[in-house]
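One-letter residues, chain by chain:
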Amino acid sequence: MPNQYLAPCVPPHFSGLGEFPGETASVMREVRTTTLVTGQRLHLEGSAIRDGAWRPVDFPAAAILIEHPLEGPILFDTGHDPVFIAPQRPLPEGLYRWTTPVARDAGQDAASRRHARGFDPAAVRHPVLLRFHADHIAGTPACPNAALRRMRAGLDKVWRGSRFSSVRRGLLPALVAPDFPARARFVEDAPAIAPGPDPALFGEGAHTLGDGSLTAVELPGHCPGHWGLVLNDLRWGRHVPVADAAWSLDARRRNMPSPAITGGSAGDTRRTRATLQCLHQQSVRNRDVRLTPCHGRRRAGEAQGEGA
């Protein structure tokens, strides 16, 4: 049935929030998640939230470790990694390092974090790459045997344009290995599924692994092919990692987007704001759903308090 509550805020062609054709929550396989903080980037607060101060603050870069009962460890995002450094040495790629400098400690990358939790870093078979921004894919070389779960729209854009335009869009093509297309498993090709009957959640998504454990939902605007997951989390219940659809839980709670100049530099400002508005309305309607932004300081603080 149509989602009457969210209908006014759904942007055109927004497949991630719309109809609820069936009740599939009961068959969603349970997984366990842990947020892994892989470093911080220094960025102007006012570039991420419209009423923020124009002073540099730390934005954590988080990956999410998903422990699947059959598939083993899965990563949603891969965060910062030592391989992130070399592609930023020449110009114009050095502009990325100068404008958003990264701070990370030894052993803070996602592979080291997985190893510390008893997982072979190379055992990840399914890194879920929500987009190709450099601070989100740097850890993929540590998953050499994995099938890369991804949207086709994002991969198509990586090698287009000049080196300068890539940096402006937050891309470092040197981090995208030549075998990426061969290893890619595209979300668009997965069977459609409804993440659940709750009208405060998402509508039609993609059945990523085929067992109801990872349901991909489009969160358009931030960049081409931007999406998140709906999970049935053993720890948190319904859990939605939203990637960069919201820079923080505060931005989602207050429906406070980034300035137009920030949203438009790499994506579509109108669609980004429509997505944030939907997330805001969902938070009002259903406070039991856990949302995790990749750069949110609150979720990072919780993870660091647990030693993750």
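Source: prediction; values computed, not measured.

Chemist: Looking at this structure, I do not really get the overall build of the protein chain. What am I missing?
Modeler: Check the secondary structure of the protein chain and you find ten helices and 13 strands. Classification of the 308 residues of the protein chain by burial places 58% in the buried group. Nonlocal contacts in the protein chain, meaning residues at least 24 apart in sequence, comprise 68% of its contacts between residues at least 6 apart. With an accessible surface of roughly 12700 Å², the protein chain has 54% of that area assigned to carbon and sulfur atoms.

Chemist: Hey, could you run me through the environment of L129 in this one?
Modeler: Inspection of the secondary structure puts L129 in the loop between β5 (126-128) and α3 (134-137). Sequence-wise, L129 and W227 are 98 residues apart; in three dimensions their C-alpha atoms are separated by 8.9 Å. L129 has contacts with T78, I137, T140, L148, R149, R150, F180 and W227, leaving out every residue within four places of it along the chain.

Chemist: When you look at the pattern of salt bridges in this model, what are you seeing that I'm missing?
Modeler: Opposite charge on two side chains permits them to pair, given that their charged atoms come into close proximity. Overall, the coordinates contain 14 salt bridges when judged by the stated rule. Note that D211 is salt-bridged to R29, the shortest N-O span being 3.1 Å. Of this pair, D211 sits in the loop between β9 (205-207) and β10 (215-218) while R29 sits in the segment before β1 (30-44), and the two are 182 residues apart along the sequence.

Chemist: Mind showing me how you'd approach the environment of S165 here?
Modeler: Considering the arrangement of structural elements, one finds S165 in helix α5 (residues 163-168). Separated by 2.9 Å, the side chain of S165 and the backbone oxygen of S162 make a polar contact.

Chemist: Would you mind showing me how to read the environment of M28 here?
Modeler: Relative to the assigned elements, M28 resides in the segment before β1. Separated by 187 residues in the primary sequence, M28 and T215 place their C-alpha atoms 8.8 Å from one another.

Chemist: Please clarify how the pairing of strand β2 (residues 56-68) should be interpreted in this entry.
Modeler: Within a regular strand, the side chains alternate between the two sheet faces. Of all 13 residues that make up β2, ten are buried, and the element is covered over most of its length. Sheet topology note: the β1/β2 ladder contains eleven bridges and is antiparallel. Considered in β2, the bridge of T33 is made with I66. In sequence, β2 turns back onto strand β3 (residues 72-76) through a hairpin of three residues.

Chemist: How should the packing of aromatic side chains be read in this particular structure?
Modeler: Each pair of aromatic rings is reported with the distance of its centres and the angle of its planes. Evaluation of the coordinates by the stated rule reveals two aromatic pairs. Ring plane angle 75 degrees and centroid distance 5.4 Å describe the contact between F59 and W247, whose orientation is recorded as edge-to-face. Of this pair, F59 sits in strand β2 while W247 sits in the loop between β12 (237-243) and α7 (249-254), and the two are 188 residues apart along the sequence. Accessibility classification places F59 together with W247 in one group, the buried group. A ring pair is formed by F132 and F180, whose centres lie 5.8 Å apart and whose planes are at 55 degrees; its orientation type is tilted. Of this pair, F132 sits in the loop between β5 and α3 while F180 sits in helix α6 (residues 180-183), and the two are 48 residues apart along the sequence. Taking NZ or CZ as reference, R290 lies 3.6 Å from the ring centre of W236, over its face.

Chemist: Honestly, the confidence of the model for the protein chain in this entry has me stumped. Any pointers?
Modeler: Model confidence for the protein chain is summarised by a mean pLDDT of 80, while 86% of its residues fall at 70 or above. Averaged pLDDT values over the elements of the protein chain bottom out at 66 in helix α8 (residues 260-266) and peak at 93 in strand β13 (residues 290-293). Note that residues 1-26 has pLDDT below 50 and, in this model, 68 contacts with residues that lie over four places away or in other chains.

Chemist: Help me understand the pairing of β3, please; the structure alone is not making it clear to me.
Modeler: Burial within β3 is extensive, with four of its five residues counted as buried. Bridge analysis of β2 against β3 gives five bridges, and the strand direction is antiparallel. Within β3, the residue paired with I64 across the bridge is F76. As paired elements, β3 and β5 share three bridges and run parallel to each other. Looking across to β5, one finds that I74 is bridged to H126.

Chemist: Please explain helix α10 (residues 297-305) as it appears in this structure.
Modeler: Helical periodicity: at 3.6 residues per turn, an α-helix aligns residues three or four positions apart in one direction. Those residues of α10 that fall on the buried side of the exposure criterion are R299, A300 and A303. Mapping the buried residues of α10 onto a view down its axis gives an arc of 100 degrees, with all of them on the same face. Exposed positions of α10 whose direction lies more than 90 degrees from the buried face are R298 and G305. Buried positions along α10 lie against β1, β2, α7 and β13.

Conventions used here
Residues numbered from 1 in each chain as written. Predicted model: local features only at pLDDT ≥ 70, side-chain atom pairs only at ≥ 80, totals over all residues. Heavy atoms only, no water. Helix = DSSP H or I, 4+ residues; strand = E, 2+ residues; numbered from the N terminus. Buried < 20%, exposed > 50% of the residue type's maximum accessible area, 1.4 Å probe, protein only. Contact = heavy atoms within 4.5 Å. Areas by Shrake-Rupley, 256 points an atom, 1.4 Å probe, with all protein chains shown as cover. Salt bridge = Lys/Arg side-chain N within 4 Å of Asp/Glu carboxyl O. Polar contact = N/O pair within 3.5 Å; in protein donor to acceptor, adjacent residues only side chain to side chain. Pairing = 2+ DSSP bridges. Phe/Tyr/Trp six-rings, centres within 6.5 Å; stacked < 30°, edge-to-face > 60°. Lys NZ or Arg CZ within 6 Å of the ring centre and 35° of its normal. pLDDT = per-residue confidence, 0-100. Arc of directions from axis to C-beta.

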